[in-house]
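Descriptive analysis of the structure
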Amino acid sequence: MMKMDELPLARQVDLAFRQMHKELSMLSDGTVFLQIRNNRIGKFGIRHYDAANWTESGSVRTTGGLTESQRLAFRNMALEAIKRKTWSHGEIQFEFAVRKGLLTATVQYESNYNMAALDPSVVHV
């Protein structure tokens, strides 16, 4: 049996999206984030600003979340996006929204570097 940290990054992304399945089915917008260290997902989740779903009377609007086909398309977009990642440490954020029944999504890459791990040959004083 393969350990979680031995799984390819694409499989880890697939597992993260499967874990978020229920939450995504209740949200029509938000940001999925994947924090990556040594090409392994450490922390992942969804950031969501819920104030748009409240009415002036204080009741919650009932808006549908992503459909099954939208969740699959979103997951496939994320799998394609990690192929473009060129670093081993950082975060990927996927903003998504359903507008007029259509899923729109964007991706943002953030690379992180550690000063303690700098290659001495790169440092010129």
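Reading guide: rules and limits
- Residues numbered from 1 in each chain as written.
- Predicted model: local features only at pLDDT ≥ 70, side-chain atom pairs only at ≥ 80, totals over all residues.
- Heavy atoms only, no water.
- Salt bridge = Lys/Arg side-chain N within 4 Å of Asp/Glu carboxyl O.
- Helix = DSSP H or I, 4+ residues; strand = E, 2+ residues; numbered from the N terminus.
- Buried < 20%, exposed > 50% of the residue type's maximum accessible area, 1.4 Å probe, protein only.
- Pairing = 2+ DSSP bridges.
- Polar contact = N/O pair within 3.5 Å; in protein donor to acceptor, adjacent residues only side chain to side chain.
- Core = buried A, V, L, I, M, F, W, Y, C linked by side-chain atoms within 4.5 Å.
- Contact = heavy atoms within 4.5 Å.

1. Concerning the pattern of salt bridges
Applying the stated criterion to the full structure yields six salt bridges. Note that Arg-11 and Asp-14 form a salt bridge whose closest N and O atoms lie 2.6 Å from each other. On the criterion of helical spacing, the pair formed by Arg-11 and Asp-14 is a turn pair, its members being three residues apart in helix H1 (residues 9-19). Notably, a salt bridge pairs Arg-75 with Asp-14, separated by 2.8 Å at the nearest N-O pair. Pair noted here: Arg-75 is in helix H3 (residues 68-82) and Asp-14 is in helix H1, with a separation of 61 residues, a long-range link. Accessibility classification places Arg-75 together with Asp-14 in one group, the buried group. Via salt bridges that share partners, Arg-11, Asp-14, Arg-18 and Arg-75 belong to a single interconnected network.

2. Comments concerning the pairing of strand S1 (residues 29-37)
Examined bridge by bridge, S1 and strand S3 (residues 90-99) share eight bridges and lie antiparallel to one another. Looking across to S3, one finds that Phe-33 is bridged to Gln-93. Taken together, the seven bridges between S1 and strand S2 (residues 40-47) define a ladder with antiparallel strand orientation. Paired with Gln-35 across the two strands is Lys-43, which belongs to S2.

3. Description of the environment of Gln-12
Inspection of the secondary structure puts Gln-12 in helix H1. Residues Gln-12 and Ile-41, spaced 29 residues apart in sequence, show a C-alpha to C-alpha distance of 6.7 Å. Side-chain polar atoms of Gln-12 contact the backbone oxygen of Leu-7, separated by 2.8 Å.

4. Focus: the nonpolar core
Val-13, Phe-17, Leu-24, Val-32, Phe-74, Phe-94 and Phe-96 are the most contacted members of the largest nonpolar core, which has 23 residues in total. When contributions to this core are tallied by element, the ones reaching two or more residues are H1, S1, S2, H3 and S3. Considering every element that reaches this core, the biggest residue donor is H3, with five residues. Excluding residues within four positions of it along the chain, Leu-24 makes contact with Phe-17, Val-32, Ile-46, Gly-65, Leu-66, Arg-71, Phe-74 and Phe-96.

5. Description of unusual backbone geometry
Phi is positive for Asn-39, close to 60°, though the residue is something other than glycine. Here Asn-39 shows up in the loop between S1 and S2. The backbone phi angle of Lys-100 is positive, close to 55°, even though this residue is not glycine. Along the chain, the position of Lys-100 falls in the loop between S3 and strand S4 (102-111). With a relative accessible area of 87%, Lys-100 lands in the exposed category.

Read these as geometric descriptors, not functional statements.
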